[in-house]
Amino acid sequence: MRSDDRIEKALARAVELGEVGVQVAAYLGDELIVDAWTGVADPRDRRPVDGDTLFPVFSVSKALLATAIQLQCERGLVDMDEPVATYWPEYGQRGKERITVGHVLTHRAGVPHMPPDLDAAGLADWDAITSWLAGVEPLHPPGERSMYHSMSFGHILGEVVRRTDPEHRPYDRFLREELCLPIGADDVWDVLPAEHEHRVARLTWGPNPPKRAPMTGVPLLSMPRRSVRTPTAGTTPGSGRRRSRRRAR
């Protein structure tokens, strides 16, 4: 563990304020100058956080996918001003013909929704979800509005990466082999192998949970609900604890 007194005090204070467990790392150029952790990874058995603990990151993973798209742009395989259908012809139907890669990256594609019957098991079926997204009608013309593409972002752009990869690798393999391993980030996983499950921190609300469940009172057919669909496929601690979600491609 590399740190100094200021970082140790800050981490201790974070736990005092309700943080359950945390890791922090910082680089100066290529040098790792901070590598510290504190708290517990599982409140049930008090398993401590250490340097090998894995944390689910939810939508932070969008930055990785955006970087993968940028890499394909650098290679001349993707143009952000081109329609998604240029690379994924089946997508160019029902009003989605003019949706560009850039529209999706900036959450202005008009396709923030996911299949209405999506559950944790269905989340693992990449082909079924992308087929549904290819056939769905957008909610508005591209570029007209900004609507957070909570989960569809990953499937639409991940399919563009897969289709433009000369090897046609699934996005999780592309991410690992083209972005993570070359820079030594060998412990970043889009699809978590079963043998690493024991390292995952158990998500919890901590000592001060919200007084009501997320989206309480939000209509079932509203766009925030439709973009996530169900608690089993959403962003609550309960959904994040599901192994099926961590292994979903």
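Use the structure listed above.
Residues numbered from 1 in each chain as written. Predicted model: local features only at pLDDT ≥ 70, side-chain atom pairs only at ≥ 80, totals over all residues. Heavy atoms only, no water.

Some remarks on the packing of aromatic side chains
In plain terms, the rule: Here a Phe, Tyr or Trp ring, Trp counted by its six-membered ring, pairs with any other such ring whose centre lies within 6.5 Å, and the pair is stacked when the planes are under 30 degrees apart, edge-to-face when over 60, and tilted otherwise. Here the term buried applies to any residue with accessible area under 20% of the maximum for its type, exposed to any over 50%, and partly exposed to those in between, with areas from a 1.4 Å probe on protein chains only. Placement of a charge over a ring requires the Lys NZ or Arg CZ to be within 6 Å of the ring centre, with the centre-to-atom vector within 35 degrees of the ring normal.
This structure, assessed with the given rule, holds one aromatic pair. Their ring planes at 35 degrees and their centres at 5.0 Å tell us that Trp-88 and Tyr-91 sit as a pair that is tilted. Note on accessibility: Trp-88 and Tyr-91 belong to one class, buried. Taking NZ or CZ as reference, Lys-96 lies 4.9 Å from the ring centre of Tyr-91, over its face. In this structure, Arg-176 packs its charged tip against the face of Trp-189, placed 3.7 Å from the ring centre.

Thoughts on the nonpolar core
As a rule of thumb, nonpolar side chains are buried together in soluble globular proteins. We apply this condition: Side-chain atoms within 4.5 Å are what join buried Ala, Val, Leu, Ile, Met, Phe, Trp, Tyr and Cys residues into a set we call a nonpolar core. Every helix listed is a DSSP run of H or I at least four residues long, and every strand listed is a run of E at least two residues long, numbered separately from the N terminus. Note on definitions: a residue-residue contact is assigned when non-hydrogen atoms from the two residues lie within 4.5 Å.
Val-84, Val-101, Ile-156 and Leu-157 are the most contacted members of the largest nonpolar core, which totals 33 residues. When contributions to this core are tallied by element, the ones reaching two or more residues are α2 (61-74), α3 (84-87), α4 (101-105), α5 (126-135), α6 (152-164) and α7 (171-180). Filtering out sequence-adjacent residues up to four positions away, Val-101 remains in contact with Ile-69, Val-78, Asp-79, Met-80, Glu-82, Val-84, Tyr-87 and Leu-157.

What to know about the sheet that holds strand β3 (residues 47-48)
Defined as follows: Two strands make a pair as long as DSSP finds a minimum of two bridges between them. For every element, the axis is a line fit to its C-alpha atoms; helices are fit only across the contacting stretch, and the angle between N-to-C directions ranges from 0 to 180 degrees.
The three strands are arranged β1-β2-β3 in an open sheet whose pairing can be described as antiparallel. The open sheet has two free edges, formed respectively by β1 (21-28) and β3, since each of these has just one partner strand. Of the strand pairs in this sheet, β1 and strand β2 (residues 31-42) are connected by eight bridges, and their pairing is antiparallel. Bridge pairing in β2 places Gln-23 opposite Trp-37. Running at roughly 25 degrees to β2, helix α1 (residues 5-16) makes contact with β1 and β2 of the sheet.

Digging into the pattern of salt bridges
As a reminder, the rule being used: Salt bridge, as used here: a side-chain nitrogen of Lys or Arg that lies within 4 Å of a carboxyl oxygen of Asp or Glu.
With the rule as written, the count across this model stands at 13 salt bridges. In this structure, Arg-94 engages Glu-137 in a salt bridge whose closest nitrogen and oxygen atoms are separated by 3.2 Å. In this pair, Arg-94 sits in the loop between α3 and α4 while Glu-137 sits in the loop between α5 and α6, placing the two residues 43 residues apart along the sequence. You can call Glu-137 partly exposed: its relative accessible area is 44%.

Some details on unusual backbone geometry
Even without being glycine, Arg-46 reaches a positive phi, approximately 65 degrees. For Arg-46, the position within the fold is in the loop between β2 and β3. Here His-168, not a glycine, exhibits a phi torsion of approximately 55 degrees, which is positive. In this fold, His-168 is placed in the loop between α6 and α7. Classification of His-168 as partly exposed rests on a relative accessible area of 47%.

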